[in-house]
Amino acid sequence: MALSTYVSSIELSHQASCLSKASASNYTHEWHIQVRGVGGARIEKFIEKVIFQLHETFAEPKRVIKEPPYEIRENGFGSFDMGIEIVLKRRDVPYKFVFTYDMVLPALGQPPIRKVRTETLYIPSGVQFGQLLISGGAKMLDEKDEEEYNFTKKPKLAPHKTIAASKDIPKLSSSSSKSYKSLFMNMLI
């Protein structure tokens, strides 16, 4: 079966503001984070779920959202790196994208902030899943584009080279590092 490459753009974004008074739990901020398709693309057509991995100090740090809107709202007291995993509806091969998102909160007394980050997903697929991708707003790359990006070949890595930058690895405690080991390995494939 010949694979084509499809491309879709998503937004990872958040808004954060200071509370007028600290809560009973000493939270000083409220925030909202979301994952959505750029330009109203219906990414739910090909996304099975979005997993938000919050800081370990939250009561339920792993949040799995299976339907749009892919978002969470919370209160907190500090900035942290959040893991975001986007799992596709592919049944032939598990396929996911993993991102580290900088959940920045404004300094106390400062105005609210809004941060938007756009990511482009390159998804190799056959015809059947490709139809789902297109129905969700993805575009199929033509042969010229695929040759330019050389998606059909895996990169060859020299054994001595570092393959991830620190910005790509979430800050984790040792107890949660095992759960992210598999996520990190999927970034390499």
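Please refer to the structure higher up on the page.
To keep things clear, this report deals only with the structure shown in the data block. (Residues numbered from 1 in each chain as written. Predicted model: local features only at pLDDT ≥ 70, side-chain atom pairs only at ≥ 80, totals over all residues. Heavy atoms only, no water.)

### A closer look at the overall build of the chain
Just so we agree on the cut-off: We count a stretch as a helix when DSSP gives it H or I for four or more residues in a row; a strand needs E for two or more, and each element gets its number in order from the N terminus. Relative accessibility thresholds used throughout: buried, under 20% of the residue-type maximum; exposed, over 50%; partly exposed, between the two (1.4 Å probe, protein chains only). We call two residues in contact when some of their heavy atoms are within 4.5 Å. Per-residue and other accessible areas were derived by the Shrake-Rupley procedure at a 1.4 Å probe size, with only the shown protein chains allowed to occlude residues.
Across its full length, the chain holds 3 helices and 9 strands. Counting from the amino terminus, helix and strand elements in the chain follow one another as β-β-β-β-β-β-β-β-α-β-α-α. Counting all 189 residues of the chain, 37% fall into the buried class. Sequence-distant contacts, at least 24 apart, represent 67% of the contacts inside the chain between residues at least 6 apart. When the accessible area of the chain is evaluated, it comes to approximately 11800 Å², of which 52% is carbon and sulfur surface.

### Quick look at the pairing of strand β2 (residues 29-37)
Basically, it comes down to this: Pairing between strands is defined by DSSP: at least two bridges between the two strands are required.
When you tally the buried positions in β2, you get 7 out of 9 residues, the bulk of the element. Pairing between strand β1 (residues 4-18) and β2: 9 bridges, direction antiparallel. Opposite S13, over in β2, you have Q34 as the bridge partner.

### A closer look at the packing of aromatic side chains
We apply this condition: Stacked, tilted and edge-to-face are the three classes applied to pairs of Phe, Tyr and Trp rings, where Trp contributes its six-membered ring and a pair requires centres within 6.5 Å; stacked means planes under 30 degrees apart, edge-to-face means over 60, and tilted covers the rest. Two limits define a charge over a ring: the Lys NZ or Arg CZ must be within 6 Å of the ring centre, and within 35 degrees of the ring normal.
Enumeration according to the criterion identifies 5 aromatic pairs in this entry. Ring plane angle 15 degrees and centroid distance 6.2 Å describe the contact between Y27 and F77, whose orientation is recorded as stacked. A residue pair is termed long-range when its members are at least 10 positions apart, and Y27 in the loop between β1 and β2 and F77 in the loop between β5 (70-76) and β6 (80-88) qualify at 50 residues. Accessibility expressed as a relative area gives 55% for F77, which makes it exposed. Taken together, a centroid distance of 6.0 Å and an interplanar angle of 85 degrees make the contact between W31 and F58 edge-to-face. With W31 in strand β2 and F58 in the loop between β3 (47-53) and β4 (62-65), the pair connects residues that are 27 residues apart, well separated along the chain. Here the aromatic residues W31, F58 and F80 are joined through ring pairs into a cluster of three or more. The ring of Y101 is capped by K115, whose NZ or CZ atom sits 5.0 Å from the centre of that ring.

### Let's talk about the nonpolar core
Condition: Throughout, nonpolar core names a set of buried Ala, Val, Leu, Ile, Met, Phe, Trp, Tyr and Cys residues whose side chains join them through atoms within 4.5 Å.
In terms of nonpolar packing, the biggest core is built from 33 residues, with W31, I33, V35, F52, M82, I84 and I86 touching the most fellow members. Put simply, the parts of the chain that give this core at least two residues each are β1, β2, β3, β5, β6, β7 (96-103), β8 (113-125) and α1 (127-135). Of all the elements, β6 adds the most residues to this core, at 5 residues. If sequence neighbours within four positions are ignored, I84 has contacts with L12, I33, V35, V50, I51, F52, F97, V98, F99 and Y101.

### Observations concerning the sheet that holds β7
The line we're drawing: The angle between two axes is taken between their N-to-C directions and runs from 0 to 180 degrees, where each axis is a line fitted to C-alpha atoms and a helix contributes only its stretch in contact.
As summarised here, the arrangement of the 4 strands in space is β4-β3-β6-β7, forming an open sheet in which the pairing is antiparallel. Looking at which strands have only one partner, the edges of the open sheet turn out to be β4 and β7. Sheet twist, expressed as the mean angle between neighbouring strand axes with direction ignored, is 20 degrees. Note: β6 against β7, 8 bridges, orientation antiparallel. Bridge assignment links E85 to a residue of β7, and that residue is V98.

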